[in-house]
Amino acid sequence: ISAFWNRLGKLVRSSRAEQSWLRARGAALSPVRERTLAMLPDLEARSLVNTAHGLASARLLASSPAWLQLWGSLDGAARAQCDRRQLTPQNLANLAWSFATARHGVAPLFEIIAAQSRPQLADFSPQGLSNLVWAYATAALPSPELFDEVAAAVVSRVGEFNNTQGLVNVVWAYATAGHEAPLLYAAVASQLQQRADACSPQGLAIAAWAYASSGTEAPQLYAALSSSAVVRLHHFQPQGLANLVWGLATAGHEEPALFAAVAAEAKGRLHGFQGQGLANTAWAFAKAGCADEALFEALAAEVPRRLDELSSQELANMGWAFATSGVSAPELFAALGDTALPRLASFKPQEVANLVWAFATAGVAHPLLIEAAAREAVRRMPEFSQQGLANLAWALATLKA
């Protein structure tokens, strides 16, 4: 039974269309799913892990009611195998990856995997180390001791990573988990800046995002990532373009030629960006001082249709970006105000201040929004920072003048 799931996972893991087709025909898999449930108690460790890995690779996830029972039973069977100390380092890494991918991050199982992995980290492959920390970050289950020890293992073996994606996944995991590891970041940066051309477009974007998110200074790495990316931008997915410029802007790394090339590439593909990607792209160009007029005009046309996709922070950032860019966009600001108005009570104080500052700086009036912002400031005044109150007061005075 494990061979069936393992083979199925390999057949569809690289095709989202095939995964969707498979999920839509889940009823056809009911007999084999029921057979798997019956056989789980008798599966040996490797077969159990292969079953979980195949299901996760096929994206037959625990978020689907049809598969939740099976993942719950797999969790119990996996813990039983852990209790019997039957899992090898590869089994442990693959098991963690499978449950994280399946969105079935059960804390007790992950605690057991961490406890059994730590004494054996020297026996993990580089890919196994990468998969292990990726799983904990994806499942949002902190394991500080495990991350400390994996960081030390990666630093000592960083040259053994033949696949740059493994290195990228490691730093993504540490950045996502918010786990400080300066020696790890330095060691991986040294490798990636030498091997940037071996990274996929997605890998370049994720690396830029991870280093910027972690606050790690890596100017040579950013330069190498930019140099490798600029000639391959047409291969980037929209999310990758957004992550790349967001990372460089956040890090304060100036790459005007890259930003110009991204603007030219992105302006005709904005319909493929997610709402967050649109907001991050606008913010990044404004933050970097590279407010390409044609790009912002394209954003001004696309964004009003997509404002419901944006969080309160992203709405505020979008306003800030356009105000900072100096590109006139009165229709966008009108739509921005209309969208923000009924949601203003859920905005954080800094977001309220930033949004009103943007309207004032852009010289665009929206009386209802401004009145609502003033009421929010009075109601929540102790929550505002002094700078936030000062900016808000200036903006309100400017707009009412």
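Scroll up to find the structure this text is about.
Colleague: Before we go on, may I ask you to explain the layout of surface pockets in this structure?
Modeller: Empty space among the atoms becomes apparent when a probe as large as a water molecule is rolled across them. What the largest pocket holds in volume is close to 2100 Å³. Looking at the largest pocket, it is lined by 47 residues, and the ones nearest its centre are R16, R59, W134, Q202 and I206. Top element by residues in the lining of the largest pocket is helix α6 (residues 89–101). It accounts for seven residues. Here the residues of the lining of the largest pocket are counted per class, giving 16 nonpolar, 25 polar and six charged.

Colleague: Looking at this model, I keep getting lost on helix α20 (residues 349–362). Mind explaining?
Modeller: Every α-helical turn comprises 3.6 residues, leaving residues that sit three or four positions apart pointing alike. Here α20 is 14 residues long and its end C-alpha atoms lie 20 Å apart, about the 20 Å a rise of 1.5 Å per residue gives. Among the residues of α20, P349, E351, V352, A353, L355, V356, A358, F359 and A360 are the ones counted as buried. The inward-facing, buried residues of α20 contact α18 (312–325), α19 (330–340), α21 (367–379) and α22 (386–400). Following α20 by one or two positions, G363 adopts a phi angle in the positive range, close to 70°.

Colleague: Could you clarify how one ought to interpret the packing of α21 against α22 in this entry?
Modeller: Axis angle and axis distance: for two packed helices, these are the angle between their axes and the distance between the axes, and together they describe the pair. Orientation of α21 relative to α22, taken along the N-to-C sense of each, is 150°, at an axis distance of 11 Å. Taken together, α21 and α22 sit at an angle that is classed as roughly antiparallel. The chirality of how α21 crosses α22 is left-handed. Packed against α21, whose contacting residues are I370, A374 and A377, the element α22 presents L392, L396, L399 and K400 at the interface. Across the contact of α21 with α22, the residue classes break down as six nonpolar, no polar and one charged.

Colleague: Help me out: how do you make sense of the packing of aromatic side chains in this one?
Modeller: Aromatic rings considered in pairs are described by the distance between their centres and by the relative angle of their planes. Taken as a whole, this structure holds twelve aromatic pairs when the rule is applied. Residues Y185 and Y211 carry aromatic rings whose centres are separated by 5.3 Å and whose planes lie at 70° to one another, so their mutual orientation is edge-to-face. Of the two residues, Y185 sits in helix α11 (residues 182–194) while Y211 sits in helix α12 (residues 201–214), which places them 26 residues apart along the sequence. Like Y185, the residue Y211 is buried in the burial classification.

Colleague: How do you make sense of the nonpolar core when you look at a structure like this?
Modeller: The nonpolar side chains of a soluble globular protein tend to be buried with one another. Core analysis: the biggest nonpolar cluster contains 149 residues, and W71 and Y174 have the highest contact counts within it. Counting residues per element, this core draws most heavily on α12, at eight residues. Ignoring sequence-local partners within four residues, the contact set of Y174 consists of V133, F147, V150, A151, H179, A181, L184 and Y185.

Colleague: Would you take a moment to explain the pattern of salt bridges for this structure?
Modeller: For side chains bearing opposite charge, pairing can occur when the charged atoms are close. In the structure shown here, the tally under the stated rule is ten salt bridges. For R379, the salt bridge is made with E376, and the minimal N-O distance between the two is 2.8 Å. Taken together, the residues span about one helical turn, with R379 and E376 both in helix α21 at a distance of three residues. Overlapping salt bridges bring together E302, R305, R306 and E309 as one network.

Colleague: What exactly am I supposed to notice about helix α16 (residues 275–287) here?
Modeller: In this model, α16 (13 residues) spans 18 Å end to end at C-alpha, consistent with the 18 Å of a helix rising 1.5 Å per residue. Burial runs high along α16: eleven of the 13 residues are buried. Inspection of α16 places G275, G277, L278, A279, N280, T281, A282, W283, A284, F285 and A286 among the buried residues, and these make up the whole buried set. Where α16 is buried, its residues touch α14 (238–251), α15 (256–266), α17 (293–302) and α18.

Colleague: Help me understand the environment of Q313 in this model?
Modeller: On the secondary structure map, Q313 appears in helix α18. Along the sequence, Q313 and F347 sit 34 residues apart, while their C-alpha atoms lie 7.5 Å from each other.

Conventions we followed
Residues numbered from 1 in each chain as written. Predicted model: local features only at pLDDT ≥ 70, side-chain atom pairs only at ≥ 80, totals over all residues. Heavy atoms only, no water. 1 Å grid on protein atoms, 1.4 Å probe; cavity = no way out; pocket = protein on both sides within 12 Å on 5 of 7 lines; lining within 4 Å. Points joined across faces, edges and corners; volume = space filled by probe spheres on them. Helix = DSSP H or I, 4+ residues; strand = E, 2+ residues; numbered from the N terminus. Nonpolar A, V, L, I, M, F, W, Y, C, P; charged D, E, K, R; others polar. Expected span 1.5 Å × (residues − 1). Buried < 20%, exposed > 50% of the residue type's maximum accessible area, 1.4 Å probe, protein only. Contact = heavy atoms within 4.5 Å. Axes fitted to C-alpha atoms, helices over the stretch in contact; angles between N-to-C directions. Parallel < 35°, antiparallel > 145°, perpendicular 65-115°, else oblique. Left-handed = near helix turned anticlockwise from the far one by under 90°. Phe/Tyr/Trp six-rings, centres within 6.5 Å; stacked < 30°, edge-to-face > 60°. Core = buried A, V, L, I, M, F, W, Y, C linked by side-chain atoms within 4.5 Å. Salt bridge = Lys/Arg side-chain N within 4 Å of Asp/Glu carboxyl O.

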